[in-house]
Amino acid sequence: MAGARPRSGERRADILRAAFEVIAERGYRGASLAAVAERAGLTQQGLLHHYPSKEALLVAVLEERDQWDTGGAGPRGREGWRLDLLASLVEYNAMRPGIVQTFSALLGESVTEDHPARDFFTRRYAQVRQDMAAVLRAEFGDRLPGGLPPERAAPLLTAVLDGLQYQWLLDPESVDMAAAFRDFLALLTAGSAAPPAGGR
């Protein structure tokens, strides 16, 4: 039995890799359990042993995405993000619409009572607001150029990051997500004595 847990962990990793691939190729709606199971070399029943529903699998995918994005040195890592690195993350997200679509679709659905992703997003946003406050404090100190403290500006920064994703998904030809976020940073830093770190 000693080898059962490692094998289970490896199987879950295989499933998540397969899910990422299927989402990238087919989008949120096309990422069926059957398609993921086939890609992972499992029966659908075998996949359900590890993830009992599509929602549970997709939440696991998003959790794994967060781990990859931070890489141990993101907002919660030792070095922390800078504003210019957040802009790079927006550019990176523009290259993986399937994952962004999954995130946005689940986020929209999670506001309903008892949705399986609700706890994930509630916990995630609490952490992200804390992370963004730390980013802003590192950049500006106790007050932003407009006078707001970082803790009050953090929900606004978070809203821009995710709100731009919705607009971009609906009309990618009209909304340049990365450029719009850089425009927001210019507004955020207006009146600052120095441009954002790395923005010189």
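Residues numbered from 1 in each chain as written. Predicted model: local features only at pLDDT ≥ 70, side-chain atom pairs only at ≥ 80, totals over all residues. Heavy atoms only, no water.

A. Layout of the overall build of the chain. Along the chain, the regular secondary structure elements total nine helices and zero strands. Along the chain, from the amino end to the carboxyl end, the secondary structure elements read α-α-α-α-α-α-α-α-α. Taken over 200 residues, the chain has a buried fraction of 41%. The long-range share in the chain, meaning contacts at least 24 apart out of those at least 6 apart in sequence, stands at 62%. Here the chain displays about 11100 Å² of accessible surface, and carbon together with sulfur accounts for 52% of that area. (Helix = DSSP H or I, 4+ residues; strand = E, 2+ residues; numbered from the N terminus. Buried < 20%, exposed > 50% of the residue type's maximum accessible area, 1.4 Å probe, protein only. Contact = heavy atoms within 4.5 Å. Areas by Shrake-Rupley, 256 points an atom, 1.4 Å probe, with all protein chains shown as cover.)

B. The packing of aromatic side chains, seen in detail. Tallied over the entire structure, the rule returns three aromatic pairs. Seen in terms of ring centroids, Phe-120 and Phe-121 are 5.0 Å apart; in terms of plane orientation they differ by 75 degrees. Their pairing is edge-to-face. Exposure class is identical for Phe-120 and Phe-121. Each is buried. An aromatic cluster of three or more residues is present, and its members are Phe-103, Phe-120 and Phe-121. (Phe/Tyr/Trp six-rings, centres within 6.5 Å; stacked < 30°, edge-to-face > 60°.)

C. Structural view of the packing of helix H6 (residues 97–109) against helix H8 (residues 150–170). Their axes nearest at 10 Å, the elements H6 and H8 cross at an angle of 110 degrees. By the angle between their axes, H6 is roughly perpendicular relative to H8. Here H6 runs over H8; the crossing is left-handed. Here Pro-97, Val-100, Gln-101, Phe-103, Ser-104, Leu-107 and Gly-108 of H6 come into contact with H8, specifically with Asp-162, Gln-165, Tyr-166, Trp-168 and Leu-169. Classifying every residue of the contact of H6 with H8 gives seven nonpolar, four polar and one charged. (Axes fitted to C-alpha atoms, helices over the stretch in contact; angles between N-to-C directions. Parallel < 35°, antiparallel > 145°, perpendicular 65-115°, else oblique. Left-handed = near helix turned anticlockwise from the far one by under 90°. Nonpolar A, V, L, I, M, F, W, Y, C, P; charged D, E, K, R; others polar.)

D. Region of the structure containing the packing of helix H5 (residues 83–93) against H8. Look at H5 against H8: their axes get within 12 Å of each other, and the N-to-C directions meet at 20 degrees. Here H5 is positioned roughly parallel relative to H8, judged by the angle of their axes. The way H5 lies across H8 gives a crossing that is right-handed. Taken together, the residues of H8 that come into contact with H5 (itself represented by Leu-83, Leu-86, Val-90 and Asn-93) are Leu-157, Leu-161, Gln-165 and Trp-168. Tallied by class, the residues present in the contact of H5 with H8 amount to six nonpolar, two polar and no charged.

E. Expanded view of the environment of Arg-137. In this structure, Arg-137 sits in helix H7 (residues 118–140). The exposure class of Arg-137 is partly exposed, given its relative accessible area of 32%. Setting aside anything within four residues of it in sequence, one finds Arg-137 in contact with Asp-142, Pro-150 and Glu-151. Within the structure, Arg-137 has its side chain in polar contact with the side chain of Glu-151 (distance 2.6 Å). (Polar contact = N/O pair within 3.5 Å; in protein donor to acceptor, adjacent residues only side chain to side chain.)

F. Examining the side chain of Asp-162 more closely. Looking at the element boundaries, Asp-162 is found in helix H8. For the buried Asp-162, no salt bridge exists, and the shortest N-O distance to an oppositely charged side chain is 4.7 Å, to Arg-124. A polar contact is formed between the side chain of Asp-162 and the side chain of Tyr-125, at a distance of 2.2 Å. In contact with Asp-162, not counting residues within four places along its chain, are Phe-103, Leu-107 and Tyr-125. (Lys, Arg positive; Asp, Glu negative; His and termini not counted. Salt bridge = Lys/Arg side-chain N within 4 Å of Asp/Glu carboxyl O.)

G. Structural context of the pattern of salt bridges. All told, the structure shown has eleven salt bridges when counted by the stated rule. For Arg-65, the salt bridge is made with Asp-66, and the minimal N-O distance between the two is 3.5 Å. Take Asp-66: its relative accessible area is 12%, and that puts it in the buried class. Taken together, the salt bridges that share partners define one network made up of Glu-21, Glu-25 and Arg-39.

H. Structural context of the nonpolar core. Counting residues in each nonpolar core, the largest one holds 30 residues, and the members touching the most others are Val-36, Leu-47, Leu-57, Val-61, Leu-106 and Phe-121. Those elements that provide at least two residues to this core are helix H1 (4–30), helix H2 (33–40), helix H4 (54–70), H6 and H7. Among the elements that take part in this core, H1 stands out by supplying eight residues, more than any other. Apart from the residues lying within four places of it in its own chain, the contact partners of Leu-106 are Tyr-28, Leu-58, Val-59, Leu-62, His-115, Ala-117 and Phe-121. Of all hydrophobic cores here, the second largest spans 26 residues; its members include Ala-87, Val-135, Leu-157 and Ala-178. (Core = buried A, V, L, I, M, F, W, Y, C linked by side-chain atoms within 4.5 Å.)

I. Examining the confidence of the model for the chain more closely. Looking at the chain as a whole, the pLDDT averages 85, with 86% of positions reaching at least 70. Per-element confidence in the chain ranges from a low mean pLDDT of 83 for H1 to a high of 96 for H8. (pLDDT = per-residue confidence, 0-100.)

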